[in-house]
Amino acid sequence: MKKKPLTLALLASTILLTACTDDGDNGQNGLNSLIQQKSLVLGNDDCWSGGTRIESGLDKNQNGELDTNEIQQSSTQCGPNLFAQGVALPYQNLTSFKVNGTTIASPFTLRQGGFGSDVAAHPTNNKQFYAITDRGPNADYNDGVNGAGKIFPMPDYVPKIGLFEVQDDGSIKLIKTILLKDRDGSNISGLPNTAALGGTGETPYDINGNVIAKDPSKPYDPLTNPIKLDDYGLDSEGLAALNDGTFWVSDEYGPHIVHYDANGKEIGRINPFVNDVRNTFTLPQEFSYRRANRGMEGLTITPDQKTLVGIMQSTMDLPTKAVNKSTLTRIVTINLETGKVAQYLYRQEIDANSNSAIIAINDHEFLVLERDGKFLKDDPNIMKHVYRIDLNDATNLEDIATQGDLVQDPKLGLTIAGKTLEQYFINNDKKWEALQALNIQPVSKTLVLDMGKRVSYAHDKMEGLWLINRQTLGIVNDDDMGLWTTNGLEQKYLDNVGMRVDTPTLYIADKLCTRQISQNPYPIRLLPS
């Protein structure tokens, strides 16, 4: 800290101060004006990227120091954003595979890595964030006999949560890893569930294209050695970190919303399956019609810790796949004290886009990450956006009473003339106008951030949002653990010459335009210009 009398030259270059006057409020003639500089470390509330705070005032007690009650003016000069262009999360190589003549097109290495399906702020440390993996490395495959499914190169992979901390030198450190476990404390897998509990119908295959069976030492047989499934298995995608140290995780299978303690052991569950005895509460049954691999992609909790809010990645198969490529998607809220559910519609910008994250600003406003699936190397017109939405402007579907063509169906939810909302929408030329004519309004949305314009965003799957403060957002991508497939398994590259392997990368977008809202019980609020 530096202290010295304020000179005329310093006045001109920093802050204009009035020092020696004869009015009592401003001190007496002969009092010195002092200025001091304080270094701000990374993670500071005023300058998250660090910097300097300059404070000045009159030395009223004439002790030669600028005491707290003597500070009259203060300004900050923030340091450079070391994460603006992206910094890779730490990873390790897990295993490598060579061409095998069947499933592998070119050699590749799997990375751990994988922490990018969602991100959540640490409740008390604004230099730390949690990130979650999905079900582990996988790729589309069909052996032509046993049906479409996924290759799981590491079928025993355990979905996990990582705690990360940004460092003063611009690097990122992995603090700890939390493996997800069932209620008995055994590690879960990323393998699909049984049909009764949200199974996608995908056949799991091993790295050589063989069906993964219960007994791996014997050939697959649908009767004597059936497919290996896991009713605790998760394709984890959404993450909420609570003030009490526990976590809620949403997935793309059920969809399931699972409550884990601080050590990763399951302590609660919510899903749309009424016969699941593990459930604390039950979602409306229509959510069981989620589109495979596009389930509950985002999850958050309101600042008062009372309400979970989940968002579906894309249009659901409600009631069939024929309706799942539109802009109509759903948001669900669950009161954790009563189990009461509300539903709202979210309007995507492009048919079959992906809603990949949601973060609570307060009890009714949220940030939503909406993206396409394009790589920058293939198309410069990528769409990787963050929007601010407001539930207060939308219709709660659960509040619509049955009358005339509007009927609340116990299995399909709100229907219009016997059709689900997804059916009605895709078969109506007026789309959103037709719903609005029935007083069904989607959430309002305003663009906050366009990552494609801010940086050269090379990744296809922008999936995690970290709300740092009202001007600063962290963005993390899902790298698929470095695995890709075109005509067989291969490395996932971000360029066309095979030099840049995809990896989870943290980008910090700062200096976003904000404004304070009066009488807002939760002061953090991120808004566009």
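Everything here concerns the structure above.
Residues numbered from 1 in each chain as written. Predicted model: local features only at pLDDT ≥ 70, side-chain atom pairs only at ≥ 80, totals over all residues. Heavy atoms only, no water.

(A) Representation of the side chain of Thr315 in the model. On the secondary structure map, Thr315 appears in the loop between strand E21 (307-312) and strand E22 (328-335). Taking the relative accessible area as the measure of exposure, Thr315 reaches 0% and is therefore buried. Here the side chain of Thr315 touches Ser326 through a polar contact of 3.1 Å, side chain to side chain. Separated by 2.9 Å, the side chain of Thr315 and the backbone oxygen of Leu328 make a polar contact. Filtering out sequence-adjacent residues up to four positions away, Thr315 remains in contact with Arg291, Val323, Asn324, Lys325, Ser326, Thr327, Leu328, Thr329 and Glu422. (Helix = DSSP H or I, 4+ residues; strand = E, 2+ residues; numbered from the N terminus. Buried < 20%, exposed > 50% of the residue type's maximum accessible area, 1.4 Å probe, protein only. Polar contact = N/O pair within 3.5 Å; in protein donor to acceptor, adjacent residues only side chain to side chain. Contact = heavy atoms within 4.5 Å.)

(B) Spotlight on the packing of aromatic side chains. Per the stated rule, a full pass over the model turns up eleven aromatic pairs. Where Phe115 meets Phe164, the ring centres are 5.3 Å apart and the plane angle is 75°; that geometry is what we call edge-to-face. Of this pair, Phe115 sits in the loop between strand E7 (108-112) and strand E8 (118-121) while Phe164 is found in strand E12 (residues 160-166), placing the two residues 49 residues apart along the sequence. For Phe115, a relative accessible area of 3% corresponds to the buried category. Among the residues examined, Phe164 registers a relative accessible area of 0% and is labelled buried. When the ring of Phe129 is compared with that of Phe164, the centres are 5.5 Å apart and the planes differ by 15°; the resulting orientation is stacked. (Phe/Tyr/Trp six-rings, centres within 6.5 Å; stacked < 30°, edge-to-face > 60°.)

(C) Summary view of the sheet that holds strand E13 (residues 172-179). Ordered in space as E8-E9-E12-E13, the four strands form an open sheet in which the pairing is antiparallel. Strands at the two margins of the open sheet, each flanked by one partner only, are E8 and E13. Adjacent strand axes in the sheet meet at a mean angle of 25°, parallel and antiparallel pairs treated alike. (Pairing = 2+ DSSP bridges. Axes fitted to C-alpha atoms, helices over the stretch in contact; angles between N-to-C directions.)

(D) Highlighting the environment of Pro192. Here Pro192 shows up in the loop between E13 and strand E14 (203-205). A residue is classified by how much of its surface remains accessible, and Pro192, at 1% relative accessible area, is buried.

(E) Expanded view of the pairing of strand E3 (residues 51-58). Among the eight residues that make up E3, seven are buried, leaving the element largely enclosed by the rest of the structure. Examined bridge by bridge, strand E2 (residues 33-40) and E3 share eight bridges and lie antiparallel to one another. Residue Leu40 lies in a different strand from E3, and its bridge partner there is Gly51. The pairing of E3 with strand E4 (residues 71-78) spans seven bridges and is antiparallel. Bridged to Glu55 within E4 is Ser74.

(F) How the structure looks around unusual backbone geometry. Residues Gly254 and Pro255 are joined by a peptide bond in cis, for which omega reads 5°. Within the secondary structure layout, Pro255 lies in the loop between strand E16 (247-251) and strand E17 (257-260). For the peptide bond that leads from Leu318 to Pro319, omega is 10°, which places it in the cis range. Mapped onto the fold, Pro319 is located in the loop between E21 and E22. The phi dihedral of Asn293 is positive, around 65°, even though this residue is not glycine. As for its placement among the helices and strands, Asn293 is situated in the loop between strand E19 (281-282) and strand E20 (296-301). Using a relative accessible area of 23% as the deciding quantity, one classes Asn293 as partly exposed.

(G) A look at the pattern of salt bridges. Under the criterion given, the structure shown has 24 salt bridges. In this structure, Lys374 and Asp379 form a salt bridge, with 3.0 Å as the shortest nitrogen-oxygen distance. Looking at Lys374, the relative accessible area reads 34%, which means it is partly exposed. Here the salt bridges share partners, and the residues they tie into one network are Asp460, Lys461, Asp480, Lys492 and Asp502. (Salt bridge = Lys/Arg side-chain N within 4 Å of Asp/Glu carboxyl O.)

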